[in-house]
Amino acid sequence: MKRLVILGGGESGVGAAILGKDKGMDVFLSDSGNIPARYRSVLDDEGIAYEEGGHSMDRILSADEVVKSPGIPPTAPVVREIVARGIPVISEIELAGRYTDARMVCITGSNGKTTTTLLTYHILKDAGVDVGLAGNVGQSLALQVSRSDHDVYVIELSSFQLENMYDFHANIAVILNITPDHLDRYDYEMQNYINAKFRILNNLTPRDAFIYWQDDPVIRRQLERVTTEAAQFPFAEQREEGSAAWVDPEGEMCVETPAESFTMPRADLSLNGLHNLYNSMAAAISACILRIDKEEIRKALGNFEGVEHRLEPAGTVDGVRYINDSKATNVNSTWYALESMPRDTILILGGKDKGNDYSEILPLVKEKVKAIVCMGKDNTKLLDFFSAEVPAIYDTHSIVEAVATCASVAVSGDTVLLSPCCASFDLFKSYEDRGQQFKEQVKALMDKA
């Protein structure tokens, strides 16, 4: 009997454990921290052996194969010891892909992954496709393959997940953009991060499709050294040679593929901003390749409701708009948020810095930002960089203090934008926790008004 060890007791780990059990493997799950109660309950109900609060190396090193949670870095001592013993380490996505013949729409990029994934899923679901949502959103792919397999999956893939995928085969691979992110994970070498993203092209065949942003300089340079057999479907704001999607001079978004083509007024898209135009193009091209009727695509692109914590209106207090963009955990994501903001924006920045270079957003900060409110345990880097660049800057260390500072500075007509540029883990459990607490503070302001 094959012995499968799972590292990590979250959504992907528990899903992999269930799939391994259902396929007749001897499964053991190990987590160095505490497993959330809902996942412990699932493991108990399934009769899957597990431990938490530490690793039993003798049990782990007896594995034939290890599935590693994407959040565990390859430099972790337990992973290094497993690799030193010659035991294969794979991702949950890699494991799940072995047991399904479903078509896979796989989406990666530094920014826009979640929006594009949910938008693509929305189009397919509304068109009546038997579709599953997996990766960084939805249930784990492994759990769905084991208990409720679908005809098509739309999968959001981070660079962390792609690191341990080898034989997995995407039918449609999407790279939205590549900008510096998670460089602390990649020895502060941008090329290592790029290489991880481009693993999404592994195993593509001439029958598959590769969709990408045509004007991304990083993608263009990488394509000079990396080849793929897949048909290529680039998108751009204006039509270029080979473009599969663009906007014409009359403001029509045009999508052109061998399977389906259509046009739609850009103004009719439910998502605003340049970044969301690109997200809509990528989703529309994917849907066309899957031969979804163009009327269904148009309808879904027009009624999609957006993603929580991504440019989400949180409320208006005394004429001041509050926008929750907590999902902006890197500099480029904040650039896109600022690009869609008006002047007189008060910007909340801060958190766990991942080797950020803030110079990318500096022109937009100078143009649109009247004050920066730093929110983190240590704001020294932000204060040093921006103090001479904005009319006012504030040093705060909690969401309560940050929102109160914004409220004291803002006047009617201003916009308060939480778009932190940084990971959330210095003060919060996750970016979702950060965004939720922000919305609660705004609601408290509304209740007082």
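What you see is a predicted model, and the numbers here were worked out from it, not measured in a lab. (Residues numbered from 1 in each chain as written. Predicted model: local features only at pLDDT ≥ 70, side-chain atom pairs only at ≥ 80, totals over all residues. Heavy atoms only, no water.)

Quick notes on the overall build of the protein
Convention followed: Put simply, DSSP H or I for four residues or longer makes a helix, DSSP E for two residues or longer makes a strand, and each gets a number counted from the N terminus. Radius of gyration here is computed from C-alpha atoms only, and the compact-globule reference equals 2.2 Å multiplied by the residue count raised to the power 0.38. By definition in these notes, contact holds between two residues if any of their heavy atoms fall within 4.5 Å. Per-residue and other accessible areas follow the Shrake-Rupley method at a 1.4 Å probe size, with only the shown protein chains counted as cover for residues. Counting rule applied: Lys, Arg positive; Asp, Glu negative; His and chain ends not counted. A single reference atom marks each charge: NZ on Lys, CZ on Arg, CG on Asp, CD on Glu.
Broken down by element type, the protein carries 17 helices and 20 strands. The C-alpha atoms of the protein give 23 Å as radius of gyration, which agrees with the globular expectation for 449 residues (22 Å, within 12%). If you line up the protein on its principal axes, its C-alpha atoms span 65 × 50 × 40 Å. Once local pairs closer than 6 in sequence are excluded, the contacts in the protein between residues at least 24 apart make up 66%. By element, 47% of the accessible surface of the protein is carried by carbon and sulfur atoms, the whole surface being about 18,300 Å². In the protein, the 44 positive side-chain charges and the 66 negative ones have mean positions that sit 2 Å from each other.

Some points on the packing of aromatic side chains
Applied cut-off: Stacked, edge-to-face and tilted labels apply to pairs of Phe, Tyr and Trp rings (six-membered ring for Trp) whose centres lie within 6.5 Å, assigned for plane angles under 30 degrees, over 60, and everything in between, in that order.
Under the criterion given, the structure shown has 8 aromatic pairs. Ring centres of F235 and Y278 lie 5.9 Å apart, and the angle between their planes is 40°; on these two criteria the pair is classed as tilted. Residue F235 is located in strand 11 (residues 231-235), and its partner Y278 is located in helix 11 (residues 274-289); the two are separated by 43 residues in the primary sequence. One aromatic cluster is present, built from ring pairs that chain together W213, F235 and Y278.

So, the pattern of salt bridges
Oppositely charged side chains are able to pair whenever their charged atoms sit close together. What counts is decided by this rule: For this document, the term salt bridge refers to a Lys or Arg side-chain nitrogen within 4 Å of an Asp or Glu carboxyl oxygen.
Scanning the entire structure with this criterion turns up 19 salt bridges. Residue E46 pairs with R147 through a salt bridge whose shortest N-O separation is 3.0 Å. Highlighted residues: E46 in helix 2 (residues 37-46) and R147 in helix 7 (residues 141-147), separated in sequence by 101 residues. Here K439 and E312 are joined by a salt bridge, their closest N and O atoms 3.0 Å apart.

Details of the state of the cysteines
For clarity, the threshold we go by: For this text, the term disulfide refers to a pair of cysteine sulfurs within 2.5 Å.
In total, this model carries 0 disulfides according to the counting rule given. Lacking any disulfide linkage, C374 is separated from the closest cysteine sulfur, that of C422, by 9.4 Å. There is no disulfide at C421, and the cysteine sulfur nearest it, in C422, is 5.9 Å away.

What to know about the sheet that holds strand 3 (residues 49-52)
The cut-off we apply is this: Two strands qualify as a pair provided DSSP detects at least 2 bridges between them. Angular values range over 0 to 180 degrees, each being the angle between N-to-C directions of two axes fitted as lines to C-alpha atoms, with helices fitted over their stretch in contact.
With parallel pairing, 5 strands are arranged side by side in an open sheet as 3-2-1-4-5. Edge positions in the open sheet fall to strand 3 and strand 5 (89-90), since each of these has one partner strand only. Taken strand by strand, helix 1 (residues 11-22) contacts strand 1 (3-7), strand 2 (26-31) and strand 4 (65-68), and its axis lies near 165° from that of strand 2.

Concerning the pairing of strand 1
Threshold: Relative accessibility thresholds used throughout: buried, under 20% of the residue-type maximum; exposed, over 50%; partly exposed, between the two (1.4 Å probe, protein chains only). Orient the strands so they point away from the viewer; a crossover is then right-handed if the path from the first strand over the helix to the second runs clockwise.
The element strand 1 is largely enclosed, with a buried count of 5 among its 5 residues. Here strand 1 shows no split at all, with R3, V5 and L7 on one side and L4 and I6 on the other all buried. Bridge count between strand 1 and strand 2: 5 bridges; the pairing is parallel. In the strand pairing of strand 2, I6 is matched with L29. What joins strand 1 to strand 2 is helix 1, and the crossover it makes is right-handed. The pairing of strand 1 with strand 4 spans 4 bridges and is classified as parallel. By the bridge assignment, V5 is partnered in strand 4 with V66.

Any link to function would need more than the numbers given here.
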